[in-house]
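What the coordinates show
Each chain is listed here by its residues.
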Amino acid sequence: MTEFSRRTLLASGLVSGLASAAPGLAADGAPAAWGATPSPRQWAWHGHEQYAFVHFSINTFTDKEWGYGDESPSLFDPTDFDPDQIVAAAKSANMRGIILTAKHHDGFCLWPTMLTDHCIRNSPYKQGKGDIVGEMERAARRAGLMFGLYLSPWDRNHPEYGRPAYIDYYRKQVVELCTRYGELFEFWFDGANGGDGYYGGARETRTIDAPKYYDWPSIIALVHQHQPMACTFDPLGSDIRWVGNEDGVAGDPCWPTMPNHPYVQTEGNAGVRGGALWWPAETNTSIRPGWFYHADEDAKVKSPKRLLRYYDESVGRGTNMHLNLPPDRRGRIADPDVASLASFGAAMRATLASNLAEGAVASASATRGPAFAAANVLDDRRDSYWSSPEGDTTPSLTLDLPPGRSFDLIRIREYLPLGVRVTRFAVDAFTDGRWQTLAERACISAQRIIRLDRPVSARRLRLRILDAPVCPAISEIALFRQVAPQPVAAARSSDRTILSPAGWSIVAASAPGGEALIDDDAATVWTIDAPTSTSPATVTIDLARAETLAGFSLTPSRAPPNGSVPPRGYRADTSVDGRVWQAGASGEFANIAYALATQRIAFAQPRTARFLRLRFDAPAVAGATRVAVAGIGAFTTPQGAPQPR
Ligand code: FUL
């Protein structure tokens, strides 16, 4: 064991753990670590694999994704908050932890802090005596799940945001959260920072230079001072990086290493082979299009099959899955989400229940010594591994399987404390008297899952290391037979204020194809040249009859064609006759470029109108040349909603 890896492991107590747990595993003769290696808390984090995000706050009650910061705490009023139900839904999908939004960008705090009045103390929930953070934490622990917190650095409520006094406040919030709620496994700093907001009544735009303003290394150190095993998320210097999108898709391959420079989105998705930092990716997404609960998304919950794909594209690529489950206004996970989670979770449990490599005889083209035997890949231990002699960088390992083993899912893991060593590998099966290659891939890392199109019955399976700078350290090869998830009933939206687009038509549009906006199909998209203030994009929709119009919604494309992006902001006008126009609303869409989630914009006053006209004058990402929109919707007031028949 190298001095470096020995020091790292000693610091974590892992060396003694290894020695006592595995008497035959000699430290002597182990390969030297290669490149960057995980810290003890990162190594522990790699074992977590799947955990839930819970976005719950004022936005749940205003139907927004980003609150402005001027919302009254009296809006936070869950009627039936049930943290055990939320945790049970997460657990049914095999989540091992919960990360709760203690404070989102609007600044409202879900714990009874004395640092601000903009918190749960001033909400009707339990007459101001509640503590959502504490209640969630206790529910998580009751169910045996880990607990973590999200604390938005951006605070659109705080008067001092953008000035030094806010940093003082923010650090105090970090300390409160790190000292009141037991052991945290993760602490989440959101990258969204600065822009317009309430800011104590100033109602202005405040921009900051985030690395300078927050001095991230000192805030990360503050977390670690109180929570040594909590992995921090996001800024340079933190333990975990963002995967670069909010769709739940890690790069293929996805290296856990990155260069030591500020985050670059494209690098973040795939990682950088040989990068100086161990900075592994967390792959997050929401079970619904938005991060917060919106009744009009009840029918858009990810299906069990879609969750399975997310699993493959996150956990299966060696990253951790971080799945958002937003409670509704009752404070519970809605039925469609519960059904999908349970089906996905049951399928994964059934799939992974029996490792079909068990009972196989492992042999290798070369072995470093008895402590690094080929059989170590079968012992179900994270801390043992097979390795070859120094300089033998392309060895192979064969499993002789008991008869009758038929598998269609292969899982391979590297022993990460020695670095990510394998660059490329292949997996072959011996069937019909010959070797056939099942897959060839780059990067193994924490784990690599290969799903086959059809089951393979083979007497032998072989892992061939094709390219590696040093000898490999493979800790597991496991084989499984997939169990497909049970389909769940299609959900319908419980929100009757959403107006049906049936019968709507496009009256005028600055570019052809506007019909895609009103066909109730998020897969069809209106794409246009990026608009500018002097050459805006416009579209006018005839709603077929006069309605009590309370606002409109815009759904961006989730698969934007050819680098197109959503519009940055909007101006909405309404008209009764298509000639005289009344201003509806104008502003910027919140977080639209990253979240690609439906935006609901309420007009200051509901009004009677038959025509809706929208104007866009900039792309959400500066420099983008095309803009795409998947859908436009409209909603009425509860009084104006069609009554159920
Ligand atoms: C983003 C935020 O702006 C979203 O609202 C959400 O919290 C997501 C997880 O991170 O950057």
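Residues numbered from 1 in each chain as written. Predicted model: local features only at pLDDT ≥ 70, side-chain atom pairs only at ≥ 80, totals over all residues. Heavy atoms only, no water.

Before going further, it helps to examine the overall build of the chain. Counting secondary structure elements, the chain contains 12 helices and 28 strands. For a compact globule of 645 residues, the expected C-alpha radius of gyration is about 26 Å, and the chain comes in at 26 Å, within 12% of that figure. Across its three principal axes, the chain shows a C-alpha extent of roughly 85 × 55 × 45 Å. Evaluated residue by residue, the chain yields a buried proportion of 58% over its 645 residues. Across the chain, every contact between residues at least 6 apart in sequence was considered, and the portion connecting residues at least 24 apart equals 75%. Here the chain has roughly 25000 Å² of accessible surface; of this, 51% comes from carbon and sulfur atoms. Charged side chains in the chain number 66 positive and 69 negative. The centres of these two groups are separated by 2 Å. (Helix = DSSP H or I, 4+ residues; strand = E, 2+ residues; numbered from the N terminus. Rg over C-alpha atoms; globule rule 2.2 N^0.38 Å. Buried < 20%, exposed > 50% of the residue type's maximum accessible area, 1.4 Å probe, protein only. Contact = heavy atoms within 4.5 Å. Areas by Shrake-Rupley, 256 points an atom, 1.4 Å probe, with all protein chains shown as cover. Lys, Arg positive; Asp, Glu negative; His and termini not counted. Charge placed at Lys NZ, Arg CZ, Asp CG, Glu CD.)

A separate point is the side chain of histidine 158. By the secondary structure assignment, histidine 158 is in the loop between strand E3 (146-151) and helix H7 (164-180). At 3.0 Å, the side chain of histidine 158 forms a polar contact with the backbone nitrogen of glutamate 160. Setting aside chain neighbours within four positions, we find histidine 158 in contact with Tyr166, Tyr169, Tyr199, Gly200 and Arg206. (Polar contact = N/O pair within 3.5 Å; in protein donor to acceptor, adjacent residues only side chain to side chain.)

Time to look at the UniProt feature "domain: F5/8 type C" (unreviewed entry) in the chain. Taken from the UniProt record, the annotation "domain: F5/8 type C" (unreviewed entry) applies to residues 339-463 and 471-634. Spanning residues 339-463, this segment combines 11% helix with 41% strand, and its end C-alpha atoms are found 38 Å apart. (UniProt positions renumbered as here; feature names shortened; annotations may be inferred.)

What follows concerns the packing of aromatic side chains. With the rule as written, the count across this model stands at 35 aromatic pairs. Aromatic pair tyrosine 263 and tryptophan 279: ring centres 6.0 Å apart, planes at 80 degrees, arrangement edge-to-face. Of this pair, tyrosine 263 sits in the loop between strand E9 (257-258) and helix H9 (265-270) while tryptophan 279 sits in the loop between strand E10 (277-278) and strand E11 (281-286), and the two are 16 residues apart along the sequence. Using a relative accessible area of 24% as the deciding quantity, one classes tyrosine 263 as partly exposed. Classification of tryptophan 279 by relative accessible area gives buried; the value is 1%. Ring centres of tyrosine 385 and tyrosine 415 lie 4.6 Å apart, and the angle between their planes is 15 degrees; this geometry places the pair in the stacked category. Of this pair, tyrosine 385 sits in the loop between strand E13 (361-364) and strand E14 (386-387) while tyrosine 415 sits in the loop between strand E16 (406-414) and strand E17 (424-431), placing them 30 residues apart in sequence. One aromatic cluster is present, formed by Tyr161, Tyr166, Tyr169, Tyr170, Phe187, Phe189, Tyr199, Tyr213, Tyr214 and Trp216 through successive ring pairs. One residue, arginine 460, lies across the ring of phenylalanine 430, its end atom 4.5 Å from the ring centre. (Phe/Tyr/Trp six-rings, centres within 6.5 Å; stacked < 30°, edge-to-face > 60°. Lys NZ or Arg CZ within 6 Å of the ring centre and 35° of its normal.)

As enumerated under the stated definition, the model contains 41 salt bridges in all. For lysine 126, the salt bridge identified is with glutamate 135, shortest N-O distance 3.1 Å. Given a relative accessible area of 42%, lysine 126 falls into the partly exposed group. Exposure remark for glutamate 135: the relative accessible area of 11% places this residue in the buried category. In this structure, arginine 462 engages aspartate 428 in a salt bridge whose closest nitrogen and oxygen atoms are separated by 2.9 Å. Of this pair, arginine 462 sits in strand E20 (residues 460-467) while aspartate 428 is found in strand E17, placing the two residues 34 residues apart along the sequence. Here arginine 462 and aspartate 428 have matching classes, each one buried. (Salt bridge = Lys/Arg side-chain N within 4 Å of Asp/Glu carboxyl O.)

This brings us to the sheet that holds strand E21 (residues 473-480). Read from one edge to the other, the open sheet built from four strands follows the order E14-E21-E16-E19, with strand pairing classed as antiparallel. Either end of the sheet is taken by a strand with one partner, and the two such strands are E14 and strand E19 (448-457). Relative to E21, E16 is paired through six bridges, and the arrangement is antiparallel. Across the sheet, leucine 409 pairs through a bridge with phenylalanine 480, a residue of E21. (Pairing = 2+ DSSP bridges.)

Around the ligand, the neighbouring residues are Phe53, His55, Trp66, His104, His105, Tyr150, Trp188, Asp190, Ala192, Glu246, Trp291 and Asn591. One of the side-chain N or O atoms of histidine 55 is found 2.6 Å from an oxygen atom in the ligand. Between the ligand and the protein, one listed contact pairs an oxygen atom with a side-chain N or O atom of glutamate 246 at 3.5 Å. Relative to its free-state accessible area of 290 Å², the ligand is covered by the protein chains to the extent of 97%. Of the residues that constitute the shell around the ligand, the class distribution is six nonpolar, four polar and two charged. (Near = heavy atom within 4 Å. Nonpolar A, V, L, I, M, F, W, Y, C, P; charged D, E, K, R; others polar.)

Our focus in this paragraph is the packing of helix H5 (residues 83-92) against helix H6 (residues 132-142). Close contact between H5 and H6 brings their axes to 9 Å; oriented N to C, the two are set at 45 degrees. The orientation of H5 with respect to H6, classified from their angle, is oblique. Both H5 and H6 take part in a crossing whose hand is right-handed. In this structure, H5 uses Pro83, Asp84, Ile86 and Val87 to contact H6, whose residues at the interface are Glu135, Met136, Ala139, Ala140 and Arg142. The class makeup of the residues in the contact of H5 with H6 is six nonpolar, no polar and three charged. (Axes fitted to C-alpha atoms, helices over the stretch in contact; angles between N-to-C directions. Parallel < 35°, antiparallel > 145°, perpendicular 65-115°, else oblique. Left-handed = near helix turned anticlockwise from the far one by under 90°.)

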